[in-house]
Amino acid sequence: MKTTVDVLVQKYGGTSLQTLARVRHAALRVAAARQRGAAVAVVVSARGGRTDDLLRLAADIGATAASRELDQLLAVGEQESAALMALTLNRLGVPAISLTGRQAGIETTDRHGEALISRIAADRVRASMDAGQVAVVTGFQGVDRTGDVATLGRGGSDTTAVALAARLRASACEIYTDVDGVFSADPRILPAARWLPWVEPGVMAEMAFAGAKVLHTRCIELAAMEGVEVHVRNMSSQVTGTIVAELPEDRPLETRRAVVAVTHDADVARVLVHCRDSRRDLAPDVFEVLAAQGTVVDLVARSGPHESEFRMGFTIRRSQADSVRSALHEVTAAHGGGVHFDENVGKVSVVGMGLLSRPEYTARLMAALATAGIPTSWISTSQMRLSVIVPCERTVDAVEALHRAFHLDRHEPLDATTAASGPSATV
């Protein structure tokens, strides 16, 4: 078998591999794809709960900060999954070989715990596939320029799969998970959420950044840049799933709504920085601290140059707050200022296309939340996302209110006026 035939990359997440029965079920899917004539590479995550178990072990000895040794430990989970998958495939009569990130030629940047893939030298993967084997590659990991293991952050196996698909010029990258695809909201908290058969990569990237957990943000950004078609499918069913790719011109109007989804993110902390010396602009110092720790920033606002006191606010991931807390206190205290962290907030976002071109949508968002009695604070708007900060305990209520306000419920059809008016009239 030569890799000039159709190449398919499949990725199986932790829940898909949690038990040996599920590993076998996944292996049968791999075998079926291979029987259809495809050359198959598989990327695997650690089995469900395994990474958390390893993190708890590290925490028990007081090692919680990202480091070389923590990455060495966490890489074990994916290596276990890859070996078990290869062993199972071989028992089914399907030749397979497991490959670590190093063996698969995955090279990364030097940041432990949040490394980026810099290059994939996929020679061994290609050679294995040319020899008729299924190459089972560990997700979430590679090696930095010193040869040390570096992990890609939570959800990084998705990024491994897309990067490998791009390198192999695969026809598609199939991501298997525990839901039926991508929905207009998280179906686990909102049963009325609408299944989305097709989502454009830019919209999916915004959804992922704004809290949709079905795909890793960086994997969609990479897919968009490299032109990789991503299929999100349920491991436990035969449903079609969701295709993440550019919409063809003949797609029906239902897939061309301006508002596609409502997402929520509970991993949010609001940070307020102030300094009594209005002549001192702390913004460069603050952002330098955040950049040094790889901290993702959103919803930034600051006082003007003529204010009596420097003030700036922004949101970061709550899970990253501890890594920057002391450094931010040090920077602000040196200039007579201070910093306050509010971790009792959540972020809710309306995601779609052309949202700023429809100013009534921001008005509708605010009206819906006010009617539901949900307090709001900061708001950020762009052509693809309207985000608002709400109290953490009202996050789910906000999702429900906005999902109704933008007519995204599963059983709500397009009305005749909307259908006749074309895409610009859709919600």
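Analysis parameters
Residues numbered from 1 in each chain as written. Predicted model: local features only at pLDDT ≥ 70, side-chain atom pairs only at ≥ 80, totals over all residues. Heavy atoms only, no water. Phe/Tyr/Trp six-rings, centres within 6.5 Å; stacked < 30°, edge-to-face > 60°. Helix = DSSP H or I, 4+ residues; strand = E, 2+ residues; numbered from the N terminus. Buried < 20%, exposed > 50% of the residue type's maximum accessible area, 1.4 Å probe, protein only. Contact = heavy atoms within 4.5 Å. Salt bridge = Lys/Arg side-chain N within 4 Å of Asp/Glu carboxyl O.

Colleague: So what exactly am I meant to see when it comes to the packing of aromatic side chains here?
Modeller: Ring pairs (aromatic) are described by centroid distance and by the angle formed between their planes. Taken as a whole and judged by the stated rule, the model has three aromatic pairs. Each ring, one from Phe287 and one from Phe314, has its centre 6.3 Å from the other, and the planes form 40°; the classification is tilted. Within this pair, whereas Phe287 is found in helix α8 (residues 283-292), its partner Phe314 is found in strand β18 (residues 310-316), the two being separated by 27 residues in sequence. Of the residues examined, Phe287 reaches a relative accessible area of 32% and is grouped as partly exposed. Aromatic pair Tyr361 and Phe406: ring centres 5.6 Å apart, planes at 85°, arrangement edge-to-face. One end of the pair, Tyr361, is in helix α10 (residues 360-371); the other, Phe406, is in the loop between α11 (395-405) and α12 (416-421), with 45 residues separating them in the sequence. A single burial state applies to Tyr361 and to Phe406, both of which are buried.

Colleague: What's the story with the environment of Phe310 in this structure? I'm lost.
Modeller: Mapping Phe310 onto the fold places it in strand β18. The exposure class of Phe310 is buried, given its relative accessible area of 3%. In this structure, the C-alpha to C-alpha distance between Phe310 and Val289, residues 21 residues apart in sequence, is 17 Å.

Colleague: Hey, could you run me through the side chain of His216 in this one?
Modeller: Note on placement: His216 falls in the loop between α6 (201-209) and α7 (217-226). In this structure His216 comes out as buried when scored by relative accessible area, which is 14%. Setting aside residues no more than four positions away along its own chain, His216 makes contact with Leu152, Arg154, Gly155, Gly156, Asp158, Thr159 and Ala208.

Colleague: Explanation requested: the pattern of salt bridges in the structure shown.
Modeller: Side chains carrying opposite charge are able to pair once their charged atoms draw close together. The tally for this structure, following the rule as stated, stands at 21 salt bridges. For Arg145, the salt bridge identified is with Asp110, shortest N-O distance 2.6 Å. Highlighted residues: Arg145 in the loop between β7 (141-143) and β8 (149-151) and Asp110 in the loop between β4 (106-108) and β5 (117-120), separated in sequence by 35 residues. Arg325 is paired through a salt bridge with Asp322; the nearest N and O atoms lie 2.9 Å apart. Of the two residues, Arg325 and Asp322 are both situated in helix α9 (residues 321-333); the distance of three residues between them amounts to about one turn of the helix.

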